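# Secondary and tertiary structure notes
Spelled out from the first residue to the last, the chains are:
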Amino acid sequence: MAGAVRTESGAVVPVTSARLTGGLLRQWQDRNRQSTIPHTIEQLRAAGNLDNLSRLLAEEPPAYRGRYPFLDTDLYKTLEGLAYEIGAGGADEGVREFFDEVVDLLERVQAEDGYLNSFFQDPAAAKKPWEDLAWGHELYNLGHLIQAAVAAHRRMGDNRLLAVAVNFADLAVRRFGEGREEATCGHPEVEMALVELYRETGNRNYLTQARLFVDRRGHGNLRHSIFPPQYFQDHLPFRDLPTVTGHAVRMAYLAAGATDLYLETGDRTLFETLDRLWDDMATTKLYFTGGLGSRHSDEAIGDRYELPSERSYSETCAAIALMQWAWRMFLATGGAKYLDVFERVLFNAYAVGLSADGKAFFYDNPLQRRPDHDQRSGAETGGEALRRSWFGCPCCPPNIVRWMAQLGDYVAAERPNTLIITLYAEGRIETDALTVSVGTDYPWDGDVRLTVERAPDRPYAISMRIPAWARGVTLDGEPVTAEDGWLTVEREWAEGDTLRLHLTMPVRGHASHPYLDATRGAVAVARGPLVHCVEQQDSPAPVDDLVLPAERLAAADLSTPPDGLPGQVVIRVTADVAPASPPELYPEITAEHSNPESPVTEPAVTVPVTLVPYFLWGNRRPEAMRVWLRTR
C-alpha cells in the first residue's frame, strides 16, 4: 500500500485520493472485482485455508490442510485487496461476508499472548512456535496480516483486524525487541509492514523493531537449512551486500522495508546501500520485461547478466515486490528512473501473471517457450500447460488480488505546491489544493489530457513523468524537453484549464548488453511501455526460424488483435525465415563461416508476423513463444 509517509518538508508523498475511472488499469480492476476475487475466495475455501483456522476451535483439531506453514498469508493478502474494494463501495455482499467471516475467525483463534498461526497453534504440529524462523514464516505471516489490517483501517474504518495485528506485533516486539532474542525471519516482509504499522499507530516500537530485523541479517542469527545463507540475504549485513542476491521475492521485500526505514529515519548508510543495489540490479540483473530472478532451483536472482529467456523465473510475487521497492525509492528521491522500472514491471512482468479472464495464473514468467516445452507452470507437476487456476503454494494469486485493488494509489504523488503524475491512466486525482481529471487511452496511445476541476488561488505546479522510452514529446502541440524525466508546468490555474501531453509511440527494437549471452544477436520489440512477443499462432513459420532485421521495424504496422485475444493494438512486421542448417548441435567453424553468428543459410522466404503484448501471451493454445527474435 502507498501509506502516509512521514518525511521532512519537501519530500514526495503519495496521493491516496486518486480513482481510476477508465482505461486499461480500470479494466484490470473491474476484472479483479468481478472475476479474480470471487475465484480466489472459492479457491481459498476449497484449499482449506479457512478450515485451518476454524479447526483450532475444536477440542481435537483435524489435520492441517496444505504443505506449507505459511498459508494464512493467502487469506491476509486477499483481505488486503478486499479492504480496498469494500472501502471503494464496489464489493458485493458475498465479498463483505467473506471478509467478516475471516476476521471473526482470526479474533477467535488468536492466542491470549497475541500469537497467530494456524499451523503452529495446533498442539500436534511437528514444530513449536518460533522453532524454525528460517522456514516457519511466522513473522512473514505477521507482515501480511499487518498490511491487511492497515488497509482495512484506512479504507473501511474497521479496526477489528488492526487490533488482531497489533496484538501479534506487540508479541513480536516483546520477544525480538531490543535486548531480547536477536533473531529475524527467513522471509523478509515484516519490515515494511512494521514501518506501516508505526505510521498508522504512532507506536515507535514498531519502527525500532523493523530496524532491528534489517540490521540483524548477516550476523549468524538465522539457522539455515536446505539453502545457503545467500538465499536468505543472510551471508552479509545488509549494508555490505555488493549486489541483489538470493531468493528474488525475499530480496525485493527486504529492500522495500529498508527503504521505508530510510524514509522514516533518514539513515544515509541505508540509502547509499539501496542506491547501489538498485543501480546494479537495473543494469545487470533485470529482464527486459522487468522480471527479477533467473533461477528455478531456488527462485533466485542469478549472476550479473545471467538472464536466459526460456528459464526466466521472474516470479509474479517478485514483480510485485519490485514495484513496492521502486515506489519507495521514488518517494525517497523523486527520481523518474524508479517509476520507469515500476511501469515496465506493471505492464509486463506483473500483468502477464494473470489470464485475460482473471481466473488463471502464471507463477513463473519466461520470455520464451520452446516448441517442445511440456513443463507445467509452477513447482508442481500436472495441471494446465500454461496458466493454472491455483497452486500448492498459492502466494501469487492473492498477491495479484491485493495489488490490482490498490493500483489507483500509484498514479500520483505530491510535494509542497506540486502535483506529480507518476503513471498515466484515466482517472481523477485530488489533493488538498487541486483536483484534476486525466483522460487517456494509455498504454495503447500516448495522448494524455489533464483538466483542472478545482484550482488553488496561488501558483501551483503540475509535474508529469516523461518515460525514458519517449523520444518525441509535445505539450499543447509544441515540442518540449524533459528534465531528469519530468516536465513541469507552474502557473495560476483556473477551473477548466487543460494540458495536452503527447508521447510519440513508435515501434522500437532493443538489443541486449554484449555480456548477456542468452540474447546476443537478437532483438526485442516494444511500443510505449509494452514489450511484445510472437506466439506460434501468429506466425506462418516456426518462431525459432524467424529472422527479424532491426531495420524492418521502421516499416511495422499497427493493427487490431487476432481473434480470441483482448487488447487494442498489436504490431505487424515482415520477417525472414531461416531454418537452422546444418543440423549439428555444435558445427565446426570453417573459413566460409568464420563468424559463428553469421547466417548458416540464406533466408528463402519472407512472412508476415504479428507481435502481441507480452502480458497477453498464453491466453490461447499452448504453443511456442519468443520475446527475443534472431536478427541474422
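Parameters at a glance
Residues numbered from 1 in each chain as written. Predicted model: local features only at pLDDT ≥ 70, side-chain atom pairs only at ≥ 80, totals over all residues. Heavy atoms only, no water. Pairing = 2+ DSSP bridges. Helix = DSSP H or I, 4+ residues; strand = E, 2+ residues; numbered from the N terminus. Expected span 1.5 Å × (residues − 1). Buried < 20%, exposed > 50% of the residue type's maximum accessible area, 1.4 Å probe, protein only. Contact = heavy atoms within 4.5 Å. Polar contact = N/O pair within 3.5 Å; in protein donor to acceptor, adjacent residues only side chain to side chain. Core = buried A, V, L, I, M, F, W, Y, C linked by side-chain atoms within 4.5 Å. pLDDT = per-residue confidence, 0-100. Phe/Tyr/Trp six-rings, centres within 6.5 Å; stacked < 30°, edge-to-face > 60°. Salt bridge = Lys/Arg side-chain N within 4 Å of Asp/Glu carboxyl O.

### Section: the sheet that holds strand β8 (residues 427-430)
Spatially, the 7 strands line up as an open sheet ordered β2-β8-β9-β10-β15-β12-β13, and their pairing is antiparallel. Every interior strand has two partners, whereas the edge strands, β2 (18-20) and β13 (478-479), have only one. Strand direction decides the pairing type here: β2 and β8, joined by 3 bridges, are antiparallel. Counterpart to L20 in the pairing with β8 is G427.

### Comments concerning helix α10 (residues 248-265)
The end-to-end C-alpha distance of α10 is 26 Å, a good match for the 26 Å that 18 residues give at a rise of 1.5 Å each. Among the 18 residues that make up α10, 17 are buried, leaving the element largely enclosed by the rest of the structure. Two residues or fewer after α10 comes G266, characterised by a positive phi angle close to 70 degrees.

### Things to note about the environment of E196
When you line up the elements, E196 lands in helix α8 (residues 190-201). Taking relative accessible area as the criterion, E196 reaches 2% and is therefore assigned buried. Considering only alpha carbons, one finds E196 and L261, 65 residues apart in sequence, at a separation of 10.0 Å.

### Things to note about helix α9 (residues 204-215)
End to end, α9 covers 17 Å across 12 residues, agreeing with the expected 16 Å (1.5 Å per residue, within 8%). Within the span of α9, buried status applies to Y206, L207, T208, Q209, A210, L212, F213 and V214. Summarising the contacts, the buried residues of α9 are in contact with α6 (138-156), α7 (160-176), α8, α10 and α11 (268-284). Looking at where α9 begins, the residue whose side-chain oxygen comes 2.9 Å from the main-chain nitrogen of N205 is N203.

### Observations regarding the side chain of N32
One can find N32 in helix α1 (residues 23-47). Residue classification places N32 among the buried positions, given a relative accessible area of 1%. Engagement of the side chain of N32 in a polar contact is seen with the backbone oxygen of V401, the distance being 3.2 Å. Setting aside residues no more than four positions away along its own chain, N32 makes contact with I37, P38, E85, I400, V401, M404 and A405.

### What about the sheet that holds strand β6 (residues 412-415)?
Pairing in this open sheet of 5 strands is mixed, and the strands run β1-β6-β7-β11-β14 from one edge to the other. Two strands in the sheet have a free side with no partner beyond their single neighbour: β1 (13-14) and β14 (486-491). As paired strands, strand β11 (residues 460-465) and β14 are joined by 6 bridges and run antiparallel to one another. Opposite S463, over in β14, you have T488 as the bridge partner.

### Structural notes on the nonpolar core
With 202 residues, the main nonpolar core has W325 and M464 as its most contacted residues. Looking at which element gives the most residues to this core, the answer is helix α12 (residues 316-333), with 13 residues. Once residues lying within four places of it in the same chain are set aside, the contact partners of W325 are V244, A252, A255, A256, T259, L274, L277, W278 and M281. Formed by 19 residues, the second largest nonpolar core is a distinct cluster that contains V523, A541, L553 and A624.

### Overview of the confidence of the model for the protein chain
Averaged over all residues, the pLDDT of the protein chain is 94; the fraction at 70 or higher stands at 96%. In this model, residues 4-9 is a region of pLDDT below 50 whose contacts with residues beyond four sequence positions or in other chains number 18 contacts.

### Some remarks on the packing of aromatic side chains
The relative placement of two aromatic rings is captured by the distance of their centres and the angle of their planes. Inspection of every chain in the model, using the stated rule, returns 35 aromatic pairs. Taken together, a centroid distance of 5.7 Å and an interplanar angle of 35 degrees make the contact between W135 and Y231 tilted. Here the residue W135 occupies a position in helix α5 (residues 133-136), and Y231 occupies one in the loop between α9 and β3 (246-247), the gap between them amounting to 96 residues. Judged on exposure class, the residue W135 and its partner Y231 are both buried. Members of the aromatic cluster, joined through ring pairs, are W28, F347, Y424, Y442, W444 and F615.

### Here's the deal with the pattern of salt bridges
This structure, assessed with the given rule, holds 43 salt bridges. Between R96 and D158 there is a salt bridge; the shortest N-O distance is 3.9 Å. Remark: D158 occurs in the loop between α6 and α7 and R96 occurs in helix α4 (residues 93-109); sequence separation between them is 62 residues. Residue class for R96 comes out partly exposed when judged on its relative accessible area of 34%. According to the relative accessible area criterion, D158 is buried, its value standing at 9%. A salt bridge links D279 to K337; the shortest N-O distance between them is 2.9 Å. Taken together, the positions of D279 in helix α11 and K337 in helix α13 (residues 336-350) put the pair 58 residues apart, joining distant regions of the chain. By relative accessible area, K337 is classed as partly exposed at 39%. Linked by salt bridges that have partners in common, R154, E196, R199, E200, D260, E264 and R328 make up one network.

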